[in-house]
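Working through the structure, step by step
One letter stands for each residue in the lines below.
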Amino acid sequence: MYKQLGIDKEVEQFCNTILATLEERYKKIDETSHINGAKVLHAMQKNKLSDIHFAATTGYGYNDLGRDVIENIYADVFKTESALVRPQLMSGTHALTVAFFGNLRPNDEFISVVGKPYDTLDSVIGITKASGSLAEFGIKYKQVDLLENYDIDYNKIKETITSNTKMVIIQRSKGYSYRPTLSVENIGDIIKFVKDINKNIICLVDNCYGEFVQMHEPTEVGADLVVGSLIKNPGGGLAATGGYIVGKEKYVENAASRLTAPGLGKEIGATLGLNQNILQGLFLAPEVVANAIKGAIFAAAAFEKLGFEVMPEATEDRFDIIQAINLDNSENVITFCTGIQKAAPVDSFVVPTPWDMPGYDSKVIMAAGAFVQGSSIELSADAPMKPPYTVFFQGGLTQYHAKIGVMTTIQLLKNKSVIKI
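Now for a look at the structure at hand.

1. A closer look at the overall build of the protein chain
Summing up its helical and strand segments, the protein chain has eleven helices and twelve strands in all. A total of 421 residues make up the protein chain; the buried ones form 57% of that total. Once local pairs closer than 6 in sequence are excluded, the contacts in the protein chain between residues at least 24 apart make up 70%. Of the roughly 17,800 Å² of accessible surface on the protein chain, 52% is carried by carbon and sulfur atoms.

As structure tokens, then:
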């Protein structure tokens, strides 16, 4: 079978040897998956989920029973007061934008305390000039970078917070930065530190790529708002679009008023028949996330063995689904992404090329033959085309597909004599 996929016996044997060393790690991942799966199941049972909740609504979407149940389920899964879960939240960036504009006002300031956030937020914040940015509304942005050893710079955070500080944002995952992902425990420490300075500061966590990786979520360690995308972890590969904002009721309501209109808030928004996939995706999400983590660990172990620098290393604990691999040069990055695309179920015949993607400061290459456009819980890889030529590998709805993706990239690198096995 592997031969039909273009993978030779030498690569197969190399990868199977790597996999044999990971069995104990995989068992621990399954334990976390089972706990999270039970948590989701309990939330669905508690809220008396029924097939009536799969019905479509149109127009204003008044009295959408399914929408209300989905949001109650999300609030229970994240153990928080309220949730806004909508197909009208078109991406993680959009969900963050709604949360920012819903809760920040002119002359407020907000601080990113773990360095610069995702490049796609540059225009939202006003780092890059753009019409309608937070900066245009007089909302001030500050940033505290990590220390050289990637630790949190608590002294600098304390110096930077002022009486005008309304919000602190904590990006859990690394984005296109070469740094460790934050654990829920790390996030809890940051939140406690901020709240000890001023308990009224809103602590917002960008949770993208981190849902269900651990047994707890940031809302359980004091986060006031947690934001993410349904075409990443919590959609389980079935949600066709959407995002979520969960947390304290007043802050979620503020976000809802920004998404719809003041006075309407959460009461409108047709779900157009998407409820079933959102719910079924959530039900599958803990297992799907486990498969993606297994794929990331396999990639780390294999590329470490081949002599490349990776973050996190294969033996380190995981706090998101992303695996960073430094590939030394642009040609290797393109070859890696070509391998991921070649291993895809959709558009496997397409060759990815770097392009000027909106929101990024360099050309970006993306490989994703996905059933849902842009779904990074499905097997995918992307990289900014700049030193140190780090590729960010993530996703894999099934363990076998993640394995085949890694094997294909290794085969292509071997074919080009970049590596020897």
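2. A few points about the packing of helix H1 (residues 9-20) against helix H9 (residues 275-305)
Across the interface, H1 lies against H9 with an axial gap of 10 Å and an inter-helix angle of 120°. Accordingly, the angle class assigned to the pair H1 and H9 is oblique. Classified by chirality, the crossing of H9 by H1 is right-handed. Every residue of H9 that contacts H1 at Phe14, Cys15, Ile18 and Leu19 is listed here: Phe298, Ala301, Ala302 and Lys305. Classifying every residue of the contact of H1 with H9 by side-chain character gives seven nonpolar, no polar and one charged.

3. Observations concerning the pattern of salt bridges
Using the criterion set out here, one finds 20 salt bridges in the structure. With a closest N to O distance of 2.9 Å, Asp122 and Lys116 form a salt bridge. What makes Asp122 buried here is its relative accessible area of 9%. For Lys116, a relative accessible area of 30% gives the class partly exposed. In this structure, Lys195 and Asp224 form a salt bridge, with 2.7 Å as the shortest nitrogen-oxygen distance. Remark: Asp224 occurs in the loop between strand E5 (202-206) and strand E6 (225-229) and Lys195 occurs in helix H7 (residues 184-197); sequence separation between them is 29 residues. Through salt bridges with shared partners, one network takes in Asp8, Glu10 and Lys414.

4. Details of the nonpolar core
Ranked by internal contacts, the top residues of the largest apolar core, which has 98 residues, are Tyr74, Ile170, Phe298, Phe303, Ile321, Phe336 and Ile410. In terms of residue count, the dominant contributor to this core is H9 (16 residues). Discounting chain neighbours no more than four positions away, the residues touching Ile170 are Val113, Val114, Leu182, Ile187, Ile190, Ile191, Leu204, Val205 and Asp206.

5. Points about a negative patch on the surface
A contiguous patch of negative charge, built from Glu309, Glu313, Glu316 and Asp317, is present on the exposed surface. For Glu316, the position within the fold is in the loop between strand E8 (309-311) and strand E9 (323-326). Glu316 gets classed as partly exposed once you look at its relative accessible area, which sits at 37%.

The rules behind these values
- Position numbers for residues start from 1 in each chain and track the written sequence from start to end.
- Local features in this predicted model are restricted to residues whose pLDDT is 70 or higher, and side-chain atom pairs enter the listing and the counts only when it is 80 or higher, whereas totals over whole chains, interfaces and linings include all residues.
- In computing side-chain properties, one takes all heavy atoms of the structure into account and sets aside hydrogens as well as water.
- Where helices and strands are cited, they refer to DSSP runs of H or I of at least four residues and of E of at least two residues respectively, numbered from the N terminus.
- Remark: exposure states derive from per-residue accessible area (1.4 Å probe, protein chains only) relative to the maximum for the residue type, with buried under 20%, exposed over 50%, and partly exposed in between.
- The contact criterion used is simple: two residues touch if any of their non-hydrogen atoms lie within 4.5 Å.
- Residue-level accessible areas treat just the shown protein chains as cover; the underlying method is Shrake-Rupley with a 1.4 Å probe.
- The convention used is that axes are lines fitted to C-alpha atoms, helices contributing only their stretch in contact, and that angles between N-to-C directions extend from 0 to 180 degrees.
- Should an angle lie under 35 degrees it is considered roughly parallel, over 145 roughly antiparallel, and from 65 to 115 roughly perpendicular; all remaining angles are considered oblique.
- Each helix crossing is assigned a hand: it is left-handed if the near helix lies turned anticlockwise from the far helix by less than a right angle, otherwise right-handed if that turn is clockwise.
- Classification convention: Asp, Glu, Lys, Arg as charged; Ala, Val, Leu, Ile, Met, Phe, Trp, Tyr, Cys, Pro as nonpolar; all other residues, Gly among them, as polar.
- We define a salt bridge as a side-chain nitrogen of Lys or Arg found within 4 Å of a carboxyl oxygen belonging to Asp or Glu.
- Side-chain atoms within 4.5 Å are what join buried Ala, Val, Leu, Ile, Met, Phe, Trp, Tyr and Cys residues into a set we call a nonpolar core.
- In this scheme, patches are assembled from residues that exceed 30% relative accessible area and form no salt bridge. Like charges are connected within 9 Å, while nonpolar side chains (Val, Leu, Ile, Met, Phe, Trp, Tyr) are connected within 5 Å.
- Under the counting rule used here, the positive set is Lys and Arg, the negative set is Asp and Glu, and His together with the chain ends is not counted.
- Note that the charge is assigned to NZ on lysines, CZ on arginines, CG on aspartates and CD on glutamates.

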